Structures are given as structure tokens and as C-alpha cells.
Amino acid sequence: MTTTQGQKSSNKSNETKKSNRSAESYFLISVRDNGCGMAHDAIPNLLGRVLSGSKYGVRQTRGKFGLGAKMALIWSKKSTGVPIKIKTSHFGASDHKRHESGDDNRFGQEISTCVLDIDIYKNRPRVIEHTKVPNKEGWVGTLFEVLIAGNWTTYKSRIVQYLQQLAIITPYAKLEMRYSNRFDAKKDMAIRYDRRSEQMPPPAREVKHHPSSVNNLLVQQLLERSKCKTILKFLSTDLSSVTPALAKRIIDELDDDLDESMSPADVNDKQITRIVQLLRGSDQFKSPDGSCLSPLGEYNLNLGIRKVIEPEVVATARDRPGAYEGHPFIVEAAVSLGGKGAKEGITVVRFANRIPLLFEAGADVATRVAQSKIKWSSYKIDHKRDKIGVFVSIVSTKVPFKGTGKEYIGDDITEIQLSVKRALQSCCQQLRTHLAKRNALRDQRERRSRLVKYIPDVSRSIFGILDTMRKRKLDEMNGGSTSLSPKKRLGRSQNTPIRSEDDVDKKKAGIIEKLEKDIITEKIIESHLLDAIESHGAIDGQSASGTGTESSSGKGRFGDGRRNNTSVVVAQPLFLSPLYHLPDYGGDVRHPLFTFRPFKNLSL
């Protein structure tokens, strides 16, 4: 994406122009992708007609309103009046067949160029230019250019934040943004996130409407579009989870209002209302599963967070698929500690159908659960001092947004709230073991620091006592009088063991001899005390960590270049994909240290 800022014309003074330039300016925005493009004849309706689509089924879709490019056109129409320009090359079904037959070119045969405006009052596109030429240069994707008026200074941080979160949730994509200012080159900036993963989520599948999710308007539309001859066939064919026997039972419960052989076109509004009441009120339908959804996956979520945030540690989890009001959903979550730009406390990052949600975070279900439903202290995490990142991704055929802006998911849906809580608890459970080791190592480092702090004073005191013994012995040998210690003046204690005076004299003579030969000095005593601390595991930490692992950078466990007295073992992370869509047995994964044999959990 490329953004170029230009100046908005004004007849005011130079000082006013400078303030207007920072407040509102013209921006030429160019966005390009390398996707399959748009068909030539479909471009005007795809971008120049609002609400042009119709749903025969339900499917997980990215975005919230489905009006992104159309709203950009309307924004351009409102702020500058300049039409948009589209350049695209469509790689369609015929191109796929051509590629499968042996043609290595993976691009469309033609390049379409369209300059497009919109008639807001009639809600129809106004085509200014629409041409196509042979694609001799191998051009791929779609290029979208729009000229708008806006305020970069105010919303720059939001744009950067959105791009950062988009890089987390799409680690399989390369994202790049360049901003250039024609008046001040120092303000130019560029952001780039390279592709980290080659594993893309499976595409979402369109499924039929579940009986629990229908309403009067939807049933009326389905009846009008149905190709079934009878209402019995309509219920068992155009809706999911409805068998012919169950459809017959529903018709029987309607008494004389409906007949099995009645045509769907003959059903009136009163009968539609009765059908909807029975469908939504019955608990005989099987809940929809999550096989039609396309979650990001724990592996990709982990890579995305590591690529962008670079945390000290991160744990990911996916809860089992759930359903609310006939719509399936899957919750994926991650909890990280530390990282670039991380702040103390809990920072919640939210995604809905793999789209970042930036606003109204306080009312979102993810924020409410993270702030009040998780007992962080139970998992060795200090939610006030630790730098905690909470990432929650929810995918569904219908995300239950709240508010007109669709910027948050309410916590009033119990199924989603419990699923988010379970996923976060699973992440915290994974972190608990790591944090217990980390805290133990931290305590040992603090213990070592406290002990080392007193080594100089203790060494000085011990050496002073020994030196006093040496001087007293020299005085005794020279015939001088010596003062007895308080214990000797008071007599031996009854609890003091009786030792041979010869042994005591020999030990004293040995110590005095070492003192005189400088075998025992204050520095030597200090060195021996430090060795004692080291040998007793005050800084080794093996009992806490359970391994002698060192980082590949050559630094020890404490990052100070000191190596431990154990073999170096480089840990390699192992990521296992969930088995929701795999067969019962996927074959053995063999390794010199283990054999992994995956089986699908039939209870899921």
C-alpha cells in the first residue's frame, strides 16, 4: 500500500495553510495485491453498487460490513469527487484449466482497466472508462487507486497499529506500506512485514442455514428461491440438520396449516411465522460443527506473534468448536509475556474472522474475560507488573458484533464467553510450568546477589579473627601476657564437647602457619566463599530448570556469557496441528527420540 500526501488549496495566510496541512490534506492511496483479480464485466457492480450480493447460504467471510472498497469509493466521492481507478487481471476457471493442461503461466490472459464513479442516489455504478488489453507482461492481482481527503497526523498511530495486528493474524502474507510526503521528506515512512509461514488456513466452506438461525425474512427469501416442489422437500433440502423424518414431524406439529405436498411458493406470512417459531424453538436439531470454518491455526498464530511482538515466551490454544443460535464458532487464543513495546499489565488484541478490532476494546468479551474471569496469580503471573499480551481470535459464520460500528463482541453470549475463558486458561496452564522455573531461577539469582553482597564484609571479619589469633600466639611465644576470651574466663560450657588440647593446638598452628605464608588471605577467603555459593547451586539453577540448556548465542542461562557445567542442548519447538479435519489415523511421525501416532478424538 502506498500513500502520498498532497496539499489542499486555500486562500488563507501561510500560517493557516500549515495548520490545515496537518489537519486535513489530500491523499492518493494505492493498494495492490497478488490475488486472482476480478472478472472484467463484474468490476462495476462489485465496486459501484452497494448491497449488490445475496446469500443463499452462510459462510465465514473476512471483514464486517462487506462494504470496504465501496465505502472507499463513496468517501472519495464525498471528499474530493475524483473517481477511483482499478487495474486487475482475472485468473478464472478457464485459466486454471489452461494451467492444469501444462501452461506454467499463473496469470490472467487480459488486463482490465476501469475508471469508476457511483451514482449515490440511484445506487448504480457510473463507468467512465472500461477497457481490457492482452496481458503480455504477466501482470498479476489488482491495483486500486483512490484520492481522498483525510487527517494523517491524527490517525497515523491507528493505521500502524492495524497493520501490525494484521501481520500477526496473516503471517502467511507479506505486507508493506510506504508513506511519502511531498512537502517534507523527513516525514516519509515505510513499514514491512515479511512472510513467516507457508501454511495457509483452509478456505471457508459455504453451508446451508441452520434451523436455529433463521428468521421470517430469511425463510421467505429461501422459499422464493427454492427449486423444491414441496414444503417437505424444502425443509429437508434447503436447511441443514433437517432429515425427512424430522421435516415430516415439523409439518405434523403445524396441524392443518401446512400440507406435505404444498408448494413453497404457496406458503403465506402467517405460516412462515409458525414455521420459524417451530424451527427456532426445537432442540431436536444437531448443532452445527466447525468444519465449515477457517481458523488461523495455533501454528500460524504462534509464528505471527513471534514475528511481530518478539515475546520472551508465548503459548497458544484452540478451544473445541461451539455454536450459538445455529451459528458455529471457533475460538483461538494466545498469551505472551514481554516483547517489543510491551507495557506492564494486560494488553488485549482482538480479531474477528481474521480481521483486527481496534476500537471499543473495554466492552469486548475478550477484554472482560481477561480482566475479570482469569485468576492470573494461580498461574504464577502478576497481572499488574508482568507484560502480558492476550490475543483472541474468533471465527464464525456470523460474528455477534455489538454497536453500529461493529468494533466489539459482547460478553452476553455465554457460549462464546466460556470458550474464550477455556482457551485463555489453557494458555496460562502451559505457561505455569515455564513461569515456575523462571521464578525459581529468579529467586536463586536474588539469593546469590544477597550472598555475594556480604562476601567482602564476611571475608574481612574472618581474616581479622584469624589474624588476631596469630598475633596472640606470637605474644604467647614471646612470653607476653595474653588476655583470655570471655568464654575462657567464665569456664567451659557444659554443652561444649571436650576435645584434645593437642588437636586444637595443631589446628591453630596450621592456620597460623598458612597465615604467615600468605596461603590464607582476605582475597583467598573471599574467593572460597564465592566458590561455595557457586557449588551449592545458588546460581546454577539445575534443580529449578531441570536442564542444562544454553542459548544458541553462546550466553549462559543468565545472559552474562558464563557457561554452565552441563552439556549444551538446543531446544527445538515442535508444533502439532489440531486433528479436527484429519482422518482417524494419519500415519506415524518417526523421530530418533520418539514415535508420534496421531488419532482423531471421536468425541470432538
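Please read these numbers as outputs of a predicted model, since none were measured by experiment.

**What to know about the packing of aromatic side chains**
The full count for this structure, using the stated rule, is two aromatic pairs. On the numbers, 4.2 Å between centres and 5 degrees between planes, the contact of W152 with Y179 is stacked. Of the two residues, W152 is situated in helix 5 (residues 152–169) and Y179 in strand 7 (residues 175–181); the sequence distance between them amounts to 27 residues. Among the residues examined, W152 registers a relative accessible area of 11% and is labelled buried. Considering the side-chain rings of Y324 and F329, the 6.3 Å spacing of their centres and the 50 degrees angle between planes classify their relative orientation as tilted. For the pair formed by Y324 and F329, the shared burial category is buried.

**Points about unusual backbone geometry**
One non-glycine residue, E325, adopts positive backbone phi at about 50 degrees. Along the chain, the position of E325 falls in the loop between strand 10 (322–324) and strand 11 (327–337). Residue E325 is classed as exposed on the basis of its relative accessible area of 54%. Residue E360 is not a glycine yet carries a positive backbone phi of 55 degrees. Following the sequence through the fold, E360 ends up in the loop between strand 13 (355–357) and helix 11 (365–373). For E360, a relative accessible area of 45% puts it in the partly exposed group.

**A short note on the pattern of salt bridges**
Under the criterion given, the structure shown has 16 salt bridges. Here K77 and D117 are joined by a salt bridge, their closest N and O atoms 3.2 Å apart. One end of the pair, K77, is in helix 3 (residues 68–79); the other, D117, is in strand 4 (residues 110–119), with 40 residues separating them in the sequence. Since its relative accessible area comes to 3%, D117 is described here as buried. Note that K402 and D412 form a salt bridge whose closest N and O atoms lie 2.9 Å from each other. Here D412 lies in the loop between strand 16 (408–409) and helix 12 (414–477) and K402 lies in strand 15 (residues 401–402), a separation of 10 residues in the sequence. K402 gets classed as partly exposed once you look at its relative accessible area, which sits at 28%. One continuous salt-bridge network, built from bridges that share partners, spans K77, D117 and R126.

**Notes on the packing of helix 12 against helix 15 (residues 522–535)**
Running from N to C, helix 12 and helix 15 point in directions that differ by 145 degrees, and their axes come no closer than 9 Å. The handedness of the crossing between helix 12 and helix 15 is right-handed. Where helix 12 approaches helix 15, its residues R448, L451, V452, I455, P456, V458, S459, R460, I462, F463 and L466 are matched on the opposing element by E522, I525, E526, L529, L530, I533 and E534. Each residue belonging to the contact of helix 12 with helix 15 can be placed in one class, and the counts come to 12 nonpolar, one polar and five charged.

**Details of the confidence of the model for the protein**
Looking at the protein, the pLDDT average stands at 79 and 77% of residues meet or exceed 70. A low-confidence stretch, residues 8–21 stays under pLDDT 50, and its non-local contacts, those more than four residues away or across chains, total 11 contacts. For the stretch residues 487–493, pLDDT sits under 50, and the model shows four contacts to residues farther than four places along the chain or on other chains.

**Digging into the environment of G81**
Checked against the element boundaries, G81 lands in the loop between helix 3 and strand 3 (84–89). On a C-alpha basis, the gap between G81 and D117 in space is 8.8 Å, while along the polypeptide they are 36 residues apart.

**Remarks on the pairing of strand 7**
In strand 7, alternate side chains face the same way, and those of L175, M177, Y179 and N181 are buried while those of E176, R178 and S180 on the opposite face are not. Examined bridge by bridge, strand 7 and strand 8 (residues 189–193) share five bridges and lie antiparallel to one another. Paired with E176 across the two strands is R192, which belongs to strand 8.

**Here we look at the side chain of T367**
Relative to the assigned elements, T367 resides in helix 11. Among the polar contacts made by the side chain of T367, one reaches the main-chain carbonyl oxygen of A361 at a distance of 2.7 Å. Among residues more than four places away in sequence, those in contact with T367 are V348, R350, A361 and G362.

**Points about helix 6 (residues 216–225)**
When helix 6 is considered as a whole, its buried residues turn out to be L218, V219, L222 and L223. Looking down the long axis of helix 6, one finds its buried residues gathered within 135 degrees of arc, a one-sided arrangement. Set apart from the buried face of helix 6 by more than 90 degrees, the exposed residues are L217 and E224. Lining the buried residues of helix 6 we find helix 7 (231–237) and helix 9 (269–281).

Calculation criteria
Within each chain, residues carry numbers counting from 1 in the order of the written sequence. Totals for whole chains, interfaces and linings use every residue, but because this is a predicted model, local features are given only for residues with pLDDT of at least 70 and side-chain atom pairs only at 80 or more, for both listing and counting. Side-chain figures throughout are based on the complete set of non-hydrogen atoms in the structure, without hydrogens or water. Ring pairs are drawn from Phe, Tyr and Trp, using the six-membered ring of Trp, whenever the two centres fall within 6.5 Å, and their geometry is named by plane angle: stacked under 30 degrees, edge-to-face over 60, tilted for the rest. Helix and strand definitions follow DSSP, with helices as H or I runs of at least four residues and strands as E runs of at least two, each counted in order from the N terminus. For every residue, the accessible area obtained with a 1.4 Å probe (protein chains only) is divided by the maximum for its type, and the residue is called buried under 20%, exposed over 50%, and partly exposed between those limits. Salt bridges are defined as contacts in which a side-chain nitrogen from Lys or Arg sits within 4 Å of a carboxyl oxygen from Asp or Glu. All axes are obtained by fitting lines to C-alpha atoms, using only the stretch in contact for helices, and the reported angles, taken between N-to-C directions, cover 0 to 180 degrees. Each helix crossing is assigned a hand: it is left-handed if the near helix lies turned anticlockwise from the far helix by less than a right angle, otherwise right-handed if that turn is clockwise. In what follows, a contact means two residues having at least one pair of non-hydrogen atoms within 4.5 Å. Following the grouping adopted for this structure description, the nonpolar residues are Ala, Val, Leu, Ile, Met, Phe, Trp, Tyr, Cys and Pro, the charged ones are Asp, Glu, Lys and Arg, and the polar ones are all others, Gly among them. One confidence number per residue, pLDDT, is output by the predictor and ranges from 0 to 100. Being paired, for any two strands, means DSSP has found at least two bridges between them. Residues adjacent in sequence count toward polar contacts only when both atoms are side-chain atoms; beyond that, a polar contact is any pair of N or O atoms within 3.5 Å, and within protein one must be able to donate a hydrogen and the other to accept it. Comment: arc refers to directions from the helix axis out to C-beta atoms.

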